[in-house]
Amino acid sequence: MSQTQISPALSSFHWSQSLEEVYQGRQTYEFKRGFNIVLHSHDIWIVCRGIIQLHTSDGDGNEAILGLACPEMPFGLPLTQIDPYTATALTDVVLMRISQQELEQSPILAQGIQVQLNRRLQQTEALLALNLHRRVSDRFQELLLLLTREIGEKTPDGVRIEVRLTHQQIAELVGATRVTATRILGELRKKGWLSVDKTRHIVIHESSVVDLQ
């Protein structure tokens, strides 16, 4: 069985910059927070800015979060077998759309998509592993560590989670209630694990990141 070899240069390059070079002047699409992105069977979306939440549901309205598509990550119907498969803008987002045909005709684009899919796979596995922790507080701490890796920005006060998540959204990611999320986040603030800045973004203190690793 042959295996596709990904060059070291490709795995380390900045994917968004490469896309800008290859598709300079290409149309991008802006969507507001809360908008459900329309998905087509032959189109793949790439996140240029913002965060997309991927989820599915059953006939009774029960919903399961499949993961977060962060900047540089692809998502779309050609990349999944889940049905239904829904993509919702967790923040204001800017997306680029490519066709499956373009992907098949461009080895560089295909390999870049594979690199980012591997990144999403690792994230999905980490989200699934949260359920191994019986204590809900441990799940929250592991989630915070995951978020600092995926969408964290270093600041003088600690690692700032770039997306302003509501308590409800955080609760859904760990399988808890909003009330529980509010309580545990309050406890972590009192312990000095985190703080909330002037723009209401969560900041994880550096000492907390080290403790969680």
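This report concerns the structure included in the present document. Only a predicted model underlies this, so the values are computations on that prediction, with no experimental measurement involved.

**Here we look at the sheet that holds strand β2 (residues 43-49)**
Next up, step 1: The strand order across the open sheet formed by 4 strands is β1-β7-β2-β5, and the pairing between neighbours is antiparallel. Edge positions in the open sheet fall to β1 (28-31) and β5 (74-75), since each of these has one partner strand only.
Next up, step 2: With 6 bridges joining them, β2 and strand β7 (residues 93-99) adopt antiparallel strand pairing. Residue pairing for β7: Ile46 is matched across the bridge by Met96.

**Some remarks on the environment of Thr177**
Next up, step 1: Position of Thr177 among the secondary structure elements: in the loop between α6 (167-174) and α7 (178-190).
Next up, step 2: Separated by 10 residues in sequence, Thr177 and His167 have C-alpha atoms that sit 8.8 Å apart.
Next up, step 3: At a separation of 2.9 Å, a polar atom in the side chain of Thr177 contacts the side chain of Thr180.

**What about the packing of α6 against α7?**
Next up, step 1: Contact pair α6 / α7: the axes reach a minimum separation of 8 Å and the direction vectors enclose 100°. Overall, the two elements α6 and α7 adopt an arrangement that is roughly perpendicular. Side by side, α6 and α7 meet where His167, Gln168, Ile170 and Ala171 of the first sit next to Arg178, Ala181, Thr182 and Leu185 of the second.
Next up, step 2: For the contact of α6 with α7, the class distribution of residues is 4 nonpolar, 3 polar and 1 charged.

**Describing the pattern of salt bridges**
For side chains of opposite charge, pairing can occur when their charged atoms come near one another.
Next up, step 1: The tally for this structure, following the rule as stated, stands at 6 salt bridges.
Next up, step 2: In this structure, the salt-bridge partner of Arg119 is Glu150, at a minimum N-O distance of 3.6 Å. Of the two residues, Arg119 is situated in helix α4 (residues 107-129) and Glu150 in helix α5 (residues 136-151); the sequence distance between them amounts to 31 residues.
Next up, step 3: The exposure class of Glu150 is buried, given its relative accessible area of 17%.
Next up, step 4: Ionic pairing is found between Asp197 and Arg160, a salt bridge with its closest N-O pair at 2.9 Å. Separated by 37 residues along the polypeptide, Asp197 in the loop between β10 (194-196) and β11 (202-204) and Arg160 in strand β9 (residues 158-161) bring together distant segments of the chain.
Next up, step 5: Asp197 sits in the partly exposed class, given a relative accessible area of 24%.
Next up, step 6: Salt bridges linked by common partners bring Glu153, Arg160 and Asp197 together as one network.

**Some points on empty space enclosed by the protein**
Next up, step 1: Under the criterion given, the structure shown has 1 cavity of 30 Å³ or more.
Next up, step 2: The computed volume of the largest cavity comes to approximately 40 Å³.
Next up, step 3: Lining the largest cavity, in full, are Leu68, Gln123, Leu127, Leu143, Leu146, Leu147, Glu150 and Leu173.
Next up, step 4: Taken together, the elements giving at least two residues each to the lining of the largest cavity come down to α4 and α5.
Next up, step 5: When residues of the lining of the largest cavity are assigned to their parent elements, the largest contribution, 4 residues, is made by α5.
Next up, step 6: Taken together, the residues that form the lining of the largest cavity break down as 6 nonpolar, 1 polar and 1 charged.

**Digging into unusual backbone geometry**
Next up, step 1: A cis amide bond links Asp83 with the next residue in sequence, Pro84, at an omega value of 0°.
Next up, step 2: Following the sequence through the fold, Pro84 ends up in the loop between β5 and β6 (86-89).
Next up, step 3: A positive phi angle, near 85°, is found at Glu72, a position not held by glycine.
Next up, step 4: By the secondary structure assignment, Glu72 is in the loop between β4 (63-69) and β5.
Next up, step 5: For Arg200, which is not glycine, the phi torsion reads 70° and is therefore positive.
Next up, step 6: Mapped onto the elements, Arg200 comes out in the loop between β10 and β11.
Next up, step 7: Accessibility expressed as a relative area gives 60% for Arg200, which makes it exposed.

Each value, and the rule that gives it
- Residues numbered from 1 in each chain as written.
- Predicted model: local features only at pLDDT ≥ 70, side-chain atom pairs only at ≥ 80, totals over all residues.
- Heavy atoms only, no water.
- Pairing = 2+ DSSP bridges.
- Helix = DSSP H or I, 4+ residues; strand = E, 2+ residues; numbered from the N terminus.
- Polar contact = N/O pair within 3.5 Å; in protein donor to acceptor, adjacent residues only side chain to side chain.
- Axes fitted to C-alpha atoms, helices over the stretch in contact; angles between N-to-C directions.
- Parallel < 35°, antiparallel > 145°, perpendicular 65-115°, else oblique.
- Contact = heavy atoms within 4.5 Å.
- Nonpolar A, V, L, I, M, F, W, Y, C, P; charged D, E, K, R; others polar.
- Salt bridge = Lys/Arg side-chain N within 4 Å of Asp/Glu carboxyl O.
- Buried < 20%, exposed > 50% of the residue type's maximum accessible area, 1.4 Å probe, protein only.
- 1 Å grid on protein atoms, 1.4 Å probe; cavity = no way out; pocket = protein on both sides within 12 Å on 5 of 7 lines; lining within 4 Å.
- Points joined across faces, edges and corners; volume = space filled by probe spheres on them.

Everything listed here is a matter of geometry and, on its own, says nothing about what the molecule does.
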